[in-house]
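Listed here are the chains, written in short residue letters.
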Amino acid sequence: MTQPTNDQWKLWGPLADRYRAPRPRKILALDGGGIRGVITLGVLQQLEEQLRTARGGDPDFRLCDFFDLIGGTSTGAIIAAGLARGMSVEEITSFYHDFGRKAFERRALFTRWRSLYGGGELAKTLQKTFGAKTDLSPNNLRCLLTVVTRNATTDSAWPISSNPAARYNDPDRADCNLRMELWKLVRASTAAPVFFPPEVIPWDRNDDTKSFVFVDGGTTAYNNPAFLLFKMATEPAYQLGWPRGERNLLIVSVGTGSAPVLGGTAADPDTNLLEAATNTLSALMSQASVDQDVSCRVVGRCTYGGIIDREIRDLIPVDPVIPNRPLSLADDLGRAFVYVRYNAELTPDGLGELKLRGINAERMRKMDDAENIDDLVKIGAAIGKTVDLAHLGGFATS
């Protein structure tokens, strides 16, 4: 990619100096998953605390100071937007618990829609948190941000990036992405079908043909946006062009819990068909997330992550002499990036390994039950204990 000119760097505003200087780049990718985003926050709390300590304990340190690009889908978009704005994990957690209890309180669906949307309560909540007029311009963000949503009008995934160099972020365009209000994009990314109504956004207020209907980004192939963010950061067409390599790029991916749903058996194939039908969206989201995870581990170099399946295991490169010992990061294997995946397995066995056997795994798989928040906090805290800056290698201090 051709380096931007001085005039082009001016479009980056207060972020120009940070992104003009060549250095290793770090990406944080946050999965969708409804109220289970509470698990993500438990991991991020540990990550923020450990990185803050490694940087001398500065109380003003935020994850946006470490990660150069933060992206999220659905509930992950809420968290990503808060982080990119410079919020601490504690601040986002406080907002998230309050928002989650309102949004997913046990009520009739129509009553939920009317209370959240009829009086504009959700819009007001998001505007208060992110700012009513805050858009994606560099003046409003402390690092690059990507929000993954789905344009139902065009039937396509729309990952909206704040990269000032991107084609559709040209300020001369009437439909420039950077002028979109952040709260609307977050609302669009979280518009889960059945649970919440879609969001209509006029991309160009002078052109009615560019008013689109948006629904939850989790209904795309990017409920786990990790590999998508890798492509957007390194493929020249996206106009960021960060260099690949184990010394150049780190991706930390945080999930909201893997939640496989078992169906019928060969002996009784009709068992659970109704439940399987009602969980189709959840199943698709789960499989898409796994696919992104596998892609990252194949193209990148995984230093930490759970077992994917019995055939490929965790794909963490091991020492050829000492069995089961991860190969030292001092040995560059020529992969495209270093990759870390933190996630919980929401099964009885998975929770048992976290010493949380008293928690009902089936209930934890629900994405819309606010009554699960306290148990989800425990799961997030348990996964947070697995966070180790050693997984980040030299990036932890760069």
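Owing to the predicted nature of the structure, the values given are computational and were not obtained by experimental measurement.

Novice: Report on the packing of helix 3 (residues 37-54) against helix 15 (residues 373-384), specifying residues and quantitative values.
Specialist: Closest axis-to-axis distance for the helix 3/helix 15 pair is 7 Å, and the angle between their directions is 35 degrees. In the packing of helix 3 onto helix 15, the handedness of the crossing is right-handed. Across the interface between the two elements, V38, I39, G42, V43 and Q46 of helix 3 pack against I373, L376, V377, I379, G380, A381, I383 and G384 of helix 15. Per-class residue counts for the contact of helix 3 with helix 15 are 9 nonpolar, 4 polar and no charged.

Novice: Go over the layout of surface pockets with me, naming the residues and quoting the values.
Specialist: Of the voids in this model, the largest pocket is the one considered here, and its volume is about 1,200 Å³. S258, G306, I307, A344 and E345 are, among the 40 residues lining the largest pocket, the residues nearest its centre. When contributions to the lining of the largest pocket are tallied by element, the ones reaching two or more residues are helix 12 (280-299), strand 9 (338-342) and helix 13 (348-353). A per-element tally of the lining of the largest pocket places helix 12 first, with 8 residues. Here the lining of the largest pocket is composed, by residue class, of 12 nonpolar, 16 polar and 12 charged. What the second largest pocket holds in volume is close to 500 Å³.

Novice: So what's going on with the pairing of strand 9? Which residues, and what values?
Specialist: Counting buried residues in strand 9 gives 5 out of 5 residues, a clear majority hidden from the surface. Here strand 9 shows a buried face lined by V338, V340 and Y342 and a second buried face lined by Y339 and R341. When strand 7 (residues 249-254) meets strand 9, the two strands line up parallel, connected through 5 bridges. Within strand 9, the residue paired with I251 across the bridge is Y339. The sheet contact formed by strand 8 (residues 301-304) and strand 9 spans 3 bridges and is parallel.

Novice: Run through the packing of aromatic side chains, naming residues and quoting values.
Specialist: Evaluated as defined, the whole model comprises 14 aromatic pairs. Look at Y304 and Y342: their rings are 5.4 Å apart centre to centre, the planes differ by 40 degrees, and that puts the pair in the tilted class. Placement of the pair is Y304 in strand 8 and Y342 in strand 9, with a sequence separation of 38 residues. Judged by its relative accessible area of 27%, Y304 falls in the partly exposed class. Put simply, the rings of W9, W12, Y19 and W242 touch in pairs and so form one group of aromatic residues. Over the ring of F66 we find K26; its NZ or CZ atom is 4.2 Å from the centre of that ring.

Novice: Mind laying out the environment of G72, listing which residues take part and the relevant values?
Specialist: Here G72 shows up in strand 2 (residues 69-73). Classification of G72 as buried rests on a relative accessible area of 0%. In sequence terms G72 and A226 are 154 residues apart; their C-alpha atoms lie 8.7 Å from each other. Residues within four places of G72 in sequence aside, it is in contact with L30, A77, A80, T146, V147, V148 and P225.

Novice: Let's hear about the packing of helix 5 (residues 75-85) against helix 9 (residues 182-189): which residues, and what values?
Specialist: Two numbers describe how helix 5 lies on helix 9: the axes approach to 9 Å, and their chain directions differ by 155 degrees. When the interaxial angle is binned, helix 5 and helix 9 end up roughly antiparallel. Here helix 5 contributes A77, I78, A81 and R85 to the contact with helix 9, which in turn contributes L182, V186 and S189. Within the contact of helix 5 with helix 9, the residues separate by chemical class into 5 nonpolar, 1 polar and 1 charged.

Novice: Tell me about the pairing of strand 7, residues and numbers included.
Specialist: Burial of strand 7 is extensive: 6 of the 6 residues sit out of reach of the surface. Side-chain alternation along strand 7 places L249, I251 and S253 on one buried face and L250, V252 and V254 on a second face that is also buried. Two strands pair when backbone bridges link them, and strand 1 (residues 25-30) and strand 7 are joined in this way by 6 bridges, in the parallel orientation. Considered in strand 7, the bridge of I27 is made with I251.

So, how was this worked out
Residues numbered from 1 in each chain as written. Predicted model: local features only at pLDDT ≥ 70, side-chain atom pairs only at ≥ 80, totals over all residues. Heavy atoms only, no water. Axes fitted to C-alpha atoms, helices over the stretch in contact; angles between N-to-C directions. Helix = DSSP H or I, 4+ residues; strand = E, 2+ residues; numbered from the N terminus. Left-handed = near helix turned anticlockwise from the far one by under 90°. Contact = heavy atoms within 4.5 Å. Nonpolar A, V, L, I, M, F, W, Y, C, P; charged D, E, K, R; others polar. 1 Å grid on protein atoms, 1.4 Å probe; cavity = no way out; pocket = protein on both sides within 12 Å on 5 of 7 lines; lining within 4 Å. Points joined across faces, edges and corners; volume = space filled by probe spheres on them. Buried < 20%, exposed > 50% of the residue type's maximum accessible area, 1.4 Å probe, protein only. Pairing = 2+ DSSP bridges. Phe/Tyr/Trp six-rings, centres within 6.5 Å; stacked < 30°, edge-to-face > 60°. Lys NZ or Arg CZ within 6 Å of the ring centre and 35° of its normal. Parallel < 35°, antiparallel > 145°, perpendicular 65-115°, else oblique.

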